[in-house]
Amino acid sequence: MAEHESLEFGKADFVLLDNVSMEEFMSNLKLRFEKGRIYSYIGEVVVSVNPYRAMNIYGRDTIEQYKGRELYERPPHLFAIADAAYKAMKRRNKDTCIVISGESGAGKTEASKYIMQYIAAITNPNQRAEVERVKNMLLKSNCVLEAFGNAKTNRNDNSSRFGKYMDINFDFKGDPIGGHINNYLLEKVKACHKVCVILVFHQLLKGAPDSLLRSLHIQRDPTAYNYIKVGGQIKSGINDGADFKAVADAMKVIGFTGDEIQTVYKILATILHLGNLTFGVDGDVTLIENTKLVSVIRELLSTKEENVEKALLYRTVATGRDVIEKQHTTQEASYGRDALAKAMYERLFCWIVGRINDIIEVKNYDARVHGKNTVIGVLDIYGFEIFQNNSFEQFCINYCNEKLQQLFIQLVLKQEQEEYQREGIPWKHIDYFNNQIIVDLVEQQHKGIFSVLDEACMNVGKVTDEVFLQGLNGKLAKHAHYTSRKLSPTDKSLEFDRDFRIRHYAGDVVYSVVGFIDKNKDTLFQDFKRLLYNSSNPVLKGMWPEGKLSITEVTKRPLTAATLFKNSMISLVENLACKEPYYVRCIKPNDVKSPLLFEQERCRHQVEYLGLLENVRVRRAGFAYRQTYPRFLQRYKMISEFTWPNHDLPSDKDAVKRLLQGCGFDHDVAYGKTKVFIRTPRTLFSLEEQRVEMVQRIVLFLQKVWRGTIARMRYRRMRAALVILQAYRRYKVKSYIREVNRRFKNVRSMKDYGRHVKWPTPPKVLRKFEDALRSIYNRWWAWTLIKGLSPEEALQVRAKVASLEALKGQRADLGLQRAWEGNYLVSGWDSPDTASSFTLVSSELQRKDKFMRVLFSCNVRKINRFHKAEDRAVLITDRHLYKMDPLKQYKPMKSIPLYNVTGLSVSPGKDQLVVFHTKDSRDLVVCLQGMVPANESRIGELVGTLLSHFKR
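Residues numbered from 1 in each chain as written. Predicted model: local features only at pLDDT ≥ 70, side-chain atom pairs only at ≥ 80, totals over all residues. Heavy atoms only, no water.

Some remarks on the overall build of the protein chain
Part 1 of the reasoning: Regarding its fold elements, the protein chain presents 31 helices and 27 strands.
Part 2 of the reasoning: The C-alpha radius of gyration computed for the protein chain amounts to 56 Å, which surpasses the reference 30 Å derived for 952 residues by more than 25%, pointing to a less compact arrangement than a globule.
Part 3 of the reasoning: For the protein chain, the C-alpha atoms occupy an extent of roughly 180 × 80 × 60 Å along the three principal directions.
Part 4 of the reasoning: Sequence separation of at least 24 residues holds for 64% of the intrachain contacts in the protein chain that already meet a minimum separation of 6. (Helix = DSSP H or I, 4+ residues; strand = E, 2+ residues; numbered from the N terminus. Rg over C-alpha atoms; globule rule 2.2 N^0.38 Å. Contact = heavy atoms within 4.5 Å.)

Written out as structure tokens, the structure reads:
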């Protein structure tokens, strides 16, 4: 069962339909077409519906998806059937073939190209040059044969007008080494038909360079030529100009010489010119009305002008030793002209096929040396056809399909029977329509339609199509599958003396006998053969070897077209019967080339013609599905606890039995030697539903396990990264500490105690630590300096530190570089004359207020509340702040206990303004006065002294 397609797209395999009926079949086919699924299976048969649009399902990615896969492992596709045929050929050393059939426009030609493309893509993995050359020639041959064998019609832009069977030869490694092409029933009438035209004519007119057209005496307008006038007006999406170049390049790649290609163009041009020849009458003489064309044809055929004119107007007849030239009537001349055009085209096509075969056939291959030469055959042949006016060609085509359908049913039944016997499953007889009776109706010796036709053609005298119909009525009057108006007088759908009906396997078809005799005789006057044989062009001469016979030479009667076709069909069927066949059945969904329209009735007829429902019934007569035990377990083992994830039973067969018994399906299955057989599709769909349910649970479980695994892997990676990071950090920290220790090892013996030592750059993680370390070092350095100072020096250092901390960045002149006197009024810095007076007052205050030490004294300018300045002095002890009058022998004017002082404000300028803030808000505002070394301010000293005192 094909994977990756849900039931919303319908049943991928028609064998799995719930009810085998035409309605169910058509409903499923339509659903898949509308959902864009153009391929389906009937067992191992591919049903292909022409999508009439480009589909992105043939690229390299798709090829890789199907390479080496089994049919059921991927959705239905041409590549699957191509791979199955290739595997059977390579693995089992068996010759295989792929039979592609369907009506015109169903997509047979495209299907054969995609199959060739797939085989070319999966072979020669080592890119051997010779194998690549062979692959290229095989692919290019398709291009050439399409141009010369396909036609543009109202129904199809690329309609095959011949059946083609190509054998591709492979060496023991499975690489292509050559091939051979057989063609069947080229509809040469289409070369000069009024409603279609062979592609190469359009390509020549639209794509050839002007110089070539001038040399061929033709113009680009297709309506200028009678044979292709109407066909040239058919609309299509084909780029004839690009195709002409592609075909010319392909012929060169295959190995056609320049002279051969030029001859091909001349023959095509000759056919176009022949179609424009007209005949008239002058008395009793038949004349060519446009004689200029005769000289053009003479030039193109490299022969004499008089010989061309004579062959067109006269027929040479030998009666014993006498030779008579019989003049044609205008009707006979026109018939001869058309016969010549058709014969030339047929010979050209057969010569091209033969030339390709000469080049691509395997040469110098010895099986004893190179191993067995195996073959894959690809048959692209016309399907069953029913038209309003069915001619000789349709009769042959439908006979061909009868033969192939007979082979198809026989081989399918044979394969089924052989598989059942091989697996030990009882075989029951299957009723089916055996169309051997219709095949015999056509080809039986002495009684068949072909025999009656040949017999009529051999009669002496004027033989008409009506005589042939009378012969059929006489010999087949009692046949159940034949009738005519004479045998069924009341059947008004048949015309007297014209129609007969055959009941084919695909339905009743009415044929008109008009043209049967002429087409079967396929008469071409010997004069034309001698004309072409006597050409000075060696390529053209080689196409007509029978032209060398003299006029009086007696030859055997040539085989008729019907006999030749019958023999080729018998040979083809024998060839296919000895190979393992694979089938592609192509269906045309509508006549307007729409990618959206599915015409139910038209498709129903094609399903009947192709025998698809019959095929389903044969396949379903026994068991609808079968699969080997290992592959069945691989797909369904998750359904049973006994088989998931692996079983411990003696064999896969026992495991499958246990699985199906557990599901309750044991009654609907049979167990072969290597395969399990399931009778009804419902059992298989039930298994699929259980599988889908279990797969969802398994997926969730796997997702959980996988996510846990990913989380653990991520955790381990993170932990490992953390360990590495921690180790690296420790290394960096240790390295930094060791470096700091090395640089500061002898710092005590240095003159500046290490102030000149440069600190190493710390790692990022230790930047804060470095700040702390620097702080410790600075404290140690400061302590080392301070520990040798006297108590007075130590007090002064503490005061300077306090001043620096308070005023750093606020004032520039803190006086840190000089010694701080503190008691400036005693030292005589400010007023040497009054120092003694201040000393006396200070001593008196010390006895009175019991202070221990003078912190600061200085002359100031006091600013009162009326903004007036007065000279004053301040004395600050460890207990009081005194305001004094220097003009009155430093008489104390005000005493403020230090505990009442709440703060101190100073100005950033040079005025040395100081504000002492008190609890009673009666602040003291003064400006310090007096000179110190370097004219430095005393504010820093005042602030530092007071702060250090309060800190103590």
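So that's the structure; there's more coming.
Considering the pairing of strand β13 (residues 374-382)
Part 1 of the reasoning: Taking burial as the measure, the 9 residues of β13 include 9 buried ones, the bulk of the element.
Part 2 of the reasoning: Examined bridge by bridge, strand β3 (residues 96-102) and β13 share 7 bridges and lie parallel to one another. In the strand pairing of β13, V99 is matched with L379.
Part 3 of the reasoning: As judged from the 7 bridges shared by strand β6 (residues 163-170) and β13, these two strands associate in the antiparallel manner. Considered in β13, the bridge of M166 is made with V378. (Buried < 20%, exposed > 50% of the residue type's maximum accessible area, 1.4 Å probe, protein only. Pairing = 2+ DSSP bridges.)

Considerations on the packing of helix α10 (residues 292-301) against helix α11 (residues 305-313)
Part 1 of the reasoning: Where α10 meets α11, the axes come as close as 8 Å, and the angle between the chain directions of the two elements is 115°. Taken together, the axes of α10 and α11 are roughly perpendicular relative to one another. Once α10 is placed against α11, the crossing between them reads as right-handed. Each of V294, S295, I297 and R298 in α10 lies in contact with α11, whose residues at this interface are E305, V308 and E309. (Axes fitted to C-alpha atoms, helices over the stretch in contact; angles between N-to-C directions. Parallel < 35°, antiparallel > 145°, perpendicular 65-115°, else oblique. Left-handed = near helix turned anticlockwise from the far one by under 90°.)

Some points on the pairing of strand β21 (residues 854-863)
Part 1 of the reasoning: Burial within β21 is extensive, with 8 of its 10 residues counted as buried.
Part 2 of the reasoning: Strand direction decides the pairing type here: β21 and strand β22 (residues 869-877), joined by 9 bridges, are antiparallel. Bridging across to β22, C858 finds its partner in V874.
Part 3 of the reasoning: Where β21 folds back onto β22 in an antiparallel hairpin, the turn is made up of 5 residues, including H867, whose phi is positive at roughly 65°.

Looking at the sheet that holds strand β16 (residues 507-512)
Pairing between the strands of a sheet comes from backbone hydrogen bonds, and it takes one of two forms, parallel or antiparallel.
Part 1 of the reasoning: Taken in spatial order, the 3 strands line up as β14-β15-β16 in an open sheet, and their pairing is antiparallel. For this open sheet the edge positions go to β14 (482-484) and β16, each flanked by a neighbour on one side alone. Each neighbouring strand pair of the sheet contributes to a mean axis angle of 25°, computed without reference to strand direction.
Part 2 of the reasoning: The pairing of strand β15 (residues 499-504) with β16 spans 6 bridges and is antiparallel.

A short note on the packing of helix α28 (residues 791-807) against helix α31 (residues 939-951)
Part 1 of the reasoning: Where α28 meets α31, the axes come as close as 7 Å, and the angle between the chain directions of the two elements is 110°. Classified by the angle their axes make, α28 and α31 are roughly perpendicular. Across the interface between the two elements, R798, A799, A802, S803, E805, A806 and L807 from α28 touch I939, G940, V943, G944, T945, L947, S948 and K951 from α31.
Part 2 of the reasoning: Here the residues of the contact of α28 with α31 are counted per class, giving 7 nonpolar, 5 polar and 3 charged. (Nonpolar A, V, L, I, M, F, W, Y, C, P; charged D, E, K, R; others polar.)

Notes on a nonpolar patch on the surface
Part 1 of the reasoning: On the surface, F701, L702 and V705 cluster together into a nonpolar patch covering about 280 Å² of accessible area.
Part 2 of the reasoning: Mapping F701 onto the fold places it in helix α26 (residues 681-743). (Patch = residues over 30% accessible without salt bridge, like charges linked within 9 Å, V, L, I, M, F, W, Y side chains within 5 Å. Areas by Shrake-Rupley, 256 points an atom, 1.4 Å probe, with all protein chains shown as cover. Salt bridge = Lys/Arg side-chain N within 4 Å of Asp/Glu carboxyl O.)

What to know about helix α24 (residues 629-636)
Part 1 of the reasoning: Buried residues of α24: Y629, F632, L633, R635 and Y636, and no others. All buried residues of α24 project into a common sector of 165° when viewed along the axis, lining one side.
Part 2 of the reasoning: Among the structural elements, β18 (625-628), α25 (652-663), β19 (669-671), β20 (675-678) and α26 are those in contact with the buried residues of α24. (Arc of directions from axis to C-beta.)

Details of the environment of I359
Part 1 of the reasoning: Among the structural elements, I359 can be located in helix α12 (residues 330-360).
Part 2 of the reasoning: Those residues in contact with I359 that lie beyond four places of it in its chain are M137, I254, G255 and F256.

With respect to the layout of surface pockets
Part 1 of the reasoning: Estimates place the volume of the second largest pocket at around 1,400 Å³.
Part 2 of the reasoning: Lining the second largest pocket are 47 residues, with E44, E419, E580, Y582 and K675 positioned closest to its centre.
Part 3 of the reasoning: Where the lining of the second largest pocket is concerned, the elements lending two or more residues are β1 (39-42), α3 (78-91), α14 (392-423), β17 (580-587), α23 (612-620) and β18.
Part 4 of the reasoning: A per-element tally of the lining of the second largest pocket places α14 first, with 9 residues.
Part 5 of the reasoning: Taken together, the residues that form the lining of the second largest pocket break down as 20 nonpolar, 6 polar and 21 charged. (1 Å grid on protein atoms, 1.4 Å probe; cavity = no way out; pocket = protein on both sides within 12 Å on 5 of 7 lines; lining within 4 Å. Points joined across faces, edges and corners; volume = space filled by probe spheres on them.)

Let's talk about the pattern of salt bridges
Part 1 of the reasoning: Following the criterion strictly, the structure yields 35 salt bridges and no others.
Part 2 of the reasoning: D338 is the salt-bridge partner of R337, the closest N and O atoms lying 3.1 Å from each other.
Part 3 of the reasoning: You can call R337 buried: its relative accessible area is 12%.
Part 4 of the reasoning: Here R861 makes a salt bridge to D871, at a shortest N to O gap of 2.6 Å. Here the residue R861 occupies a position in strand β21, and D871 occupies one in strand β22, the gap between them amounting to 10 residues.
Part 5 of the reasoning: Among the residues examined, R861 registers a relative accessible area of 28% and is labelled partly exposed.
Part 6 of the reasoning: Taken together, the shared-partner salt bridges in this structure form one network comprising K588, D591, E599 and R602.

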